[in-house]
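# A closer look at the structure
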Amino acid sequence: MAGGGEKKSKANATGGGKKKEVKKETGLGLSYKKDENFGEWYSEVVVNGEMIEYYDISGCYIIRPWAMSIWETMQKFFDAEIKKMKIQNCYFPLFVSPTVLQKEKDHIEGFAPEVAWVTKSGESDLEVPIAIRPTSETVMYPYYSKWIRGHRDLPLKLNQWCNVVRWEFSNPTPFIRSREFLWQEGHTAFATKSEADDEVLQILELYRRIYEEFLAVPVIKGKKSELEKFAGGLYTTTVEAFIPNTGRGIQGATSHCLGQNFSKMFEIIFENEKGEKAMAWQNSWAYTTRTIGVMVMVHGDDKGLVLPPRVASVQVIVVPVPYKDADTQGIFDACTATVETLCEAGIRANMDSRDNYSPGWKYSHWEMKGVPLRIEIGPKDLAKNQVRAVRRDNGAKVDLPRSSLVERIKELLDEIQESLFVAAKQRRDACIQIVKTWDEFVEALGQRKMILAPWCDEEEVEKDVKARTKGEMGAAKTLCSPLEQPEIPEGTLCFASGKPAKRWSYWGRSY
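Okay, so let's go over this structure. This structure is a prediction, so every number in the text was calculated from the model and none was measured.

## A word on the sheet that holds strand E18 (residues 386-391)
- With mixed pairing, the 5 strands of this open sheet are ordered in space as E16-E15-E17-E18-E19. A single partner strand is all that each edge strand has here, and the edge strands are strand E16 (349-351) and strand E19 (397-401). Adjacent strand axes in the sheet meet at a mean angle of 25° when their direction is disregarded.
- Strand direction decides the pairing type here: strand E17 (residues 373-377) and E18, joined by 4 bridges, are antiparallel. Bridge pairing in E18 places Arg374 opposite Val390.
- Together, strand E15 (316-320) and E17 form the strand contacts of helix H11 (residues 359-368), whose direction differs from that of E15 by roughly 170°.

## Focus on the sheet that holds strand E5 (residues 116-121)
- The sheet built from 3 strands is open, its strands ordered E4-E6-E5 with antiparallel pairing. Among the strands making up the open sheet, the edge pair consists of strand E4 (95-96) and E5.
- Two elements, E4 and strand E6 (residues 124-132), share 2 bridges in a ladder whose sense is antiparallel. Looking at the pairing, Phe95 lines up with Ile132 of E6.

## Topic: a nonpolar patch on the surface
- Nonpolar side chains collect at one region of the surface, where Tyr55, Ile57, Ile62 and Trp167 lie side by side and expose about 370 Å² of accessible area between them.
- Structurally, Ile57 can be placed in the loop between strand E1 (52-54) and strand E2 (61-63).

## What to know about the nonpolar core
- Counting residues in hydrophobic clusters, the biggest one holds 58 residues, and the most contacted among them are Met51 and Phe78.
- Top contributing element to this core by residue count: helix H3 (residues 65-84), with 8 residues.
- In this view, Met51 contacts Val46, Ile62, Ile63, Arg64, Trp66, Ala67, Ile70, Phe175, Ile292, Met295, Val296 and Leu305; residues no more than four positions away in its chain are not counted.
- Ranked by size, the runner-up nonpolar core spans 26 residues in total, among them Val318, Ile375, Ile409 and Ile416.

## Some thoughts on the pattern of salt bridges
- In total, this model carries 31 salt bridges according to the counting rule given.
- Residue Lys369 is joined to Glu50 by a salt bridge in which the shortest nitrogen-to-oxygen separation is 2.6 Å. Note that Lys369 is positioned in the loop between H11 and E17 and Glu50 in the loop between helix H2 (38-48) and E1, a separation of 319 residues in sequence.
- Owing to a relative accessible area of 26%, Glu50 belongs among the partly exposed residues under this scheme.
- A network of salt bridges, in which partner residues are shared, links Glu81, Lys84, Glu205, Arg208, Arg209, Glu212, Glu213 and Lys221.

## A look at the state of the cysteines
- One pass over the structure, following the stated rule, counts 0 disulfides.
- The thiol of Cys90 is not disulfide-bonded; the next cysteine sulfur, from Cys162, is found 8.9 Å away.
- Cys90 sits in the partly exposed class, given a relative accessible area of 23%.
- Counting only cysteine sulfurs, Cys343 is the nearest neighbor of Cys335, a cysteine outside any disulfide, at a range of 13 Å.
- Since its relative accessible area comes to 0%, Cys335 is described here as buried.

## So, the environment of Pro320
- By secondary structure assignment, the location of Pro320 is in strand E15.
- Residues Pro320 and Ala334, 14 residues apart in the sequence, show an inter-C-alpha distance of 8.6 Å.
- Not counting the four nearest positions on each side in its chain, Pro320 is found in contact with Ile331, Phe332, Cys335, Met351, Asp352, Pro359 and Ile377.

## Let's talk about the packing of aromatic side chains
- This model, assessed by the stated rule, comprises 27 aromatic pairs.
- Note on Phe78 and Tyr207: the rings are 5.4 Å apart at their centroids and 10° apart in plane angle, and the pair reads as stacked. Highlighted residues: Phe78 in helix H3 and Tyr207 in helix H7 (residues 193-214), separated in sequence by 129 residues. Judged on exposure class, the residue Phe78 and its partner Tyr207 are both buried.
- Aromatic side chains Trp161 and Tyr287 sit 6.1 Å apart centroid to centroid with 85° between the ring planes, which places their arrangement in the edge-to-face category. Here Trp161, found in strand E7 (residues 156-165), pairs with Tyr287, found in strand E14 (residues 281-288); they are 126 residues apart in sequence, far enough to count as distant.

## Focus on the packing of H3 against H7
- Two elements in contact, H3 and H7, have axes separated by 11 Å at closest approach and are oriented at 150°. If you check the angle between H3 and H7, you find them roughly antiparallel. For the crossing formed where H3 meets H7, the hand is right-handed. Taking contact as the criterion, the partners of Thr73, Met74, Phe77, Phe78, Glu81 and Ile82 in H3 are, on H7, Ile203, Leu206, Tyr207, Arg209, Ile210 and Phe214.
- Tallied by class, the residues present in the contact of H3 with H7 amount to 9 nonpolar, 1 polar and 2 charged.

## Points about the environment of Phe495
- Checked against the element boundaries, Phe495 lands in the loop between strand E22 (477-482) and strand E23 (503-510).
- Given a relative accessible area of 4%, Phe495 falls into the buried group.
- Sequence separation between Phe495 and Trp455 is 40 residues, and the spatial gap between their C-alpha atoms is 6.3 Å.
- Setting aside residues up to four positions removed in sequence, Phe495 forms contacts with Lys436, Thr437, Trp438, Phe441, Ala453, Pro454, Val465 and Trp507.

Parameters at a glance
- Residues numbered from 1 in each chain as written.
- Predicted model: local features only at pLDDT ≥ 70, side-chain atom pairs only at ≥ 80, totals over all residues.
- Heavy atoms only, no water.
- Pairing = 2+ DSSP bridges.
- Helix = DSSP H or I, 4+ residues; strand = E, 2+ residues; numbered from the N terminus.
- Axes fitted to C-alpha atoms, helices over the stretch in contact; angles between N-to-C directions.
- Contact = heavy atoms within 4.5 Å.
- Patch = residues over 30% accessible without salt bridge, like charges linked within 9 Å, V, L, I, M, F, W, Y side chains within 5 Å.
- Areas by Shrake-Rupley, 256 points an atom, 1.4 Å probe, with all protein chains shown as cover.
- Salt bridge = Lys/Arg side-chain N within 4 Å of Asp/Glu carboxyl O.
- Core = buried A, V, L, I, M, F, W, Y, C linked by side-chain atoms within 4.5 Å.
- Buried < 20%, exposed > 50% of the residue type's maximum accessible area, 1.4 Å probe, protein only.
- Disulfide = S-S within 2.5 Å.
- Phe/Tyr/Trp six-rings, centres within 6.5 Å; stacked < 30°, edge-to-face > 60°.
- Parallel < 35°, antiparallel > 145°, perpendicular 65-115°, else oblique.
- Left-handed = near helix turned anticlockwise from the far one by under 90°.
- Nonpolar A, V, L, I, M, F, W, Y, C, P; charged D, E, K, R; others polar.

What follows is the structure in structure tokens.
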């Protein structure tokens, strides 16, 4: 155990003991509770957890190192995986000419309200305004047309890590809905549709792995409706998450088959093996810094962030707990040695050696920042050659012998990662409700459920559902049709239209 450190920390935190050694702080805890005011809780936790800082332009945020390191961890994984698929990184300019942007009519109509324009240079008006990319199909594809001439030029598989700007919206939310965000966007071209179809699902599986294996967030792999698919694309697949506290779905990442629509518009034509002219089949796919916001929403609690070990930049924080006439130097030496041992074993560990904060203050600070595991070393731990480990996810405490520390810490981190996913999946699954009729649908929607319902797959019916459910909370829409479809018994009717059902779809409100 920590050897009475908790009692001492309380004294220090309230000004007891040697007052000059303790930095008096207020406002360390959260003002809002997750279950009572989710929006304010979320805004507070991403700031107090040092993930973001608000910027002086609405909808723009500073991504601080604590969050950026999570993005880099995901980036490292995804970049290595797409390189195994022979996808290469590149970079295209931020600016788009109006002529090119407007070439694909459906596409630009989908993005037009969000496009930001550069209209001045210094004090002079530009002769032709220049758009800032909301996405890069129209930026890249004129050059695909130039580079692709024959079947030997295919497949062309490029990805870029960059920022995009989407301006027109209300209610900005850090990570979830911002005017500028970071993402990767892949753009690939193939000779055949089957190659494109295969890649769409390969990429979708990587997105599932990011959410489930790294962020410990359960997602559903599915296909978007015609109404919700990517503007100008053939079909859109998605990994869909759900936030139980708000009863809203959230699109986690998307992998689109664009078909030959953009090839037609941008003349991406090649000579096939028979010497005939053919249009390329294209895909585009992306995930964004929204991933981080989803993770915060799903795992965070009333103490702050809860970070899955696989993405936490600090997996273990070591806190010395000296008190009374303890061997302070011995405790600090043991803490230093513990950090060194863990780091040498590939565990991301750090020590909080600040002497102007009490141990109790440090506990709260690192809980706010979501560090998965805290190690406390006090006089009794030093005497017994052990450490006390405290889990962030459930507060469980266990004393570990230093002789087998690395093995036990690795086991604990694995347990935390798995436990976070299992708990999140249980909460998500408890919100899923199967309905067969409109009355059941309305009741489940009022209970903030993620609704699985048989649907006739008609666009007009989806529009009608949106119109009939419009209200203060926002209208319901299709989230996705799961790729793994449950069986539809013969005679099953659409919950909304009464027509024969063609597929099961998830419905609900969404971000």
